[in-house]
Amino acid sequence: MQNNCNRQEIYGPAAPVFAGFWVRLAAYVADGVIVGVLLFIWRITMAAVFALISASPFDGNVLFEYTWKDILLYLMGAVYYVLSIWLAGTTLGKWLFRLRVVSADGTKLTFVDVLYRETVGKFLSGAIVCIGFIMAGFDREKRALHDILCDTRVVYGRKGK
């Protein structure tokens, strides 16, 4: 049985325009460059500081092949995504493409929802050949796996929270 409903019937006259796979990928690449540059600057700064004191508390493996430095850099990147989405509804990369992350019901995103979406949700989206991200290209509302798990949408729009 085919569903003949369109977005206007479901969402009303102010139907959101969902962002598709390619524009979301471009925003993600832009965010990756921004985070990469910031973390590179941090690494250079920390390397200079620890070279001066000739000992680093971050040496040695902690978890499998990861050092404290690796874990700290991951956390710093995650903080960028979580705080940006929670406070502004967008990251710098998404902002460049006029994209926003919103809840499906229009309520304000909670910190826990954003934290789950940006850490566990995105890990699961990329776990098996990035199929969770690719889902955004085929879903009616352009949702990736992390959007489905957290009941969020990525839409076009400039307004802040």
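Cut-offs and rules
Residues numbered from 1 in each chain as written. Predicted model: local features only at pLDDT ≥ 70, side-chain atom pairs only at ≥ 80, totals over all residues. Heavy atoms only, no water. Helix = DSSP H or I, 4+ residues; strand = E, 2+ residues; numbered from the N terminus. Buried < 20%, exposed > 50% of the residue type's maximum accessible area, 1.4 Å probe, protein only. Contact = heavy atoms within 4.5 Å. Areas by Shrake-Rupley, 256 points an atom, 1.4 Å probe, with all protein chains shown as cover. Salt bridge = Lys/Arg side-chain N within 4 Å of Asp/Glu carboxyl O. Core = buried A, V, L, I, M, F, W, Y, C linked by side-chain atoms within 4.5 Å. Patch = residues over 30% accessible without salt bridge, like charges linked within 9 Å, V, L, I, M, F, W, Y side chains within 5 Å. Polar contact = N/O pair within 3.5 Å; in protein donor to acceptor, adjacent residues only side chain to side chain. Expected span 1.5 Å × (residues − 1). Axes fitted to C-alpha atoms, helices over the stretch in contact; angles between N-to-C directions. Parallel < 35°, antiparallel > 145°, perpendicular 65-115°, else oblique. Left-handed = near helix turned anticlockwise from the far one by under 90°. Nonpolar A, V, L, I, M, F, W, Y, C, P; charged D, E, K, R; others polar.

Observations regarding the overall build of the protein chain
Okay, so step 1: The helix and strand tally for the protein chain stands at seven helices and four strands.
Okay, so step 2: A total of 161 residues make up the protein chain; the buried ones form 31% of that total.
Okay, so step 3: Within the protein chain, contacts between residues at least 6 apart in sequence are counted, and of these 67% link residues at least 24 apart.
Okay, so step 4: Accessible area of the protein chain: about 10500 Å², with a carbon and sulfur share of 69%.

What about the pattern of salt bridges?
Okay, so step 1: Counted according to the given criterion, the structure contains 10 salt bridges.
Okay, so step 2: For R24, the salt bridge identified is with D147, shortest N-O distance 2.6 Å. Separated by 123 residues along the polypeptide, R24 in helix α2 (residues 21–53) and D147 in helix α7 (residues 145–150) bring together distant segments of the chain. Neither R24 nor D147 differs from the other in exposure class; each is buried.
Okay, so step 3: In this structure, R140 engages E141 in a salt bridge whose closest nitrogen and oxygen atoms are separated by 3.9 Å.

Observations concerning the nonpolar core
Okay, so step 1: Among the nonpolar cores identified, the biggest contains 10 residues, and these are A19, V23, A27, V82, I85, L99, V101, L109, V114 and V154.
Okay, so step 2: If we ignore the near neighbours within four places in the chain, the residues touching V82 are F111, V114, L115 and E118.
Okay, so step 3: Core analysis: the second largest hydrophobic core is formed by five residues, V35, L73, Y80 and Y81 among them.

Observations regarding a nonpolar patch on the surface
Okay, so step 1: A surface patch of nonpolar side chains, about 940 Å² in accessible area, is lined by W22, L25, Y28, V29, V33, V37, F40, I41 and I44.
Okay, so step 2: Within the secondary structure, I44 sits in helix α2.

Details of the side chain of E141
Okay, so step 1: For E141, the position within the fold is in the loop between α6 (131–134) and α7.
Okay, so step 2: Judged by its relative accessible area of 7%, E141 is buried.
Okay, so step 3: Polar contacts involving the side chain of E141 include one to the side chain of R153, which spans 2.6 Å.

Observations regarding α2
Side chains three or four residues apart in an α-helix point the same way, a direct result of the helix having 3.6 residues per turn.
Okay, so step 1: If you check α2, its first and last C-alpha atoms are 47 Å apart, about what 33 residues at 1.5 Å a residue would give, namely 48 Å.
Okay, so step 2: Taken residue by residue, α2 has V23, R24, A27, A30, D31, V35, L39, M46 and F50 as its buried positions.
Okay, so step 3: In the core, the buried residues of α2 are packed alongside α3 (68–88), α4 (92–96), β3 (99–103), α5 (111–127), α7 and β4 (152–156).

Observations regarding α3
Okay, so step 1: Relative to the 30 Å expected for 21 residues at 1.5 Å per residue, α3 spans 30 Å between its end C-alpha atoms, a close match to the ideal helical length.
Okay, so step 2: Inspection of α3 places L73, G77, A78, Y80, Y81, V82, S84 and I85 among the buried residues, and these make up the whole buried set.
Okay, so step 3: Residues of α3 that are buried in the fold lie against α2, α4, β3 and α5.
Okay, so step 4: Positive phi appears at G89, one or two residues downstream of α3, with a value of about 80°.

Looking at the packing of α3 against α5
Okay, so step 1: Where α3 contacts α5, the two axes come as close as 9 Å, and the packing angle between them is 135°. On the basis of the axis angle, α3 is oblique to α5. For the pair α3 and α5, the sense of crossing is right-handed. Across from Y74, A78, Y81, V82, L83, I85 and W86 in α3, the residues of α5 making contact are F111, V114, L115, E118 and T119.
Okay, so step 2: Considering only residue class, the contact of α3 with α5 consists of 10 nonpolar, one polar and one charged.

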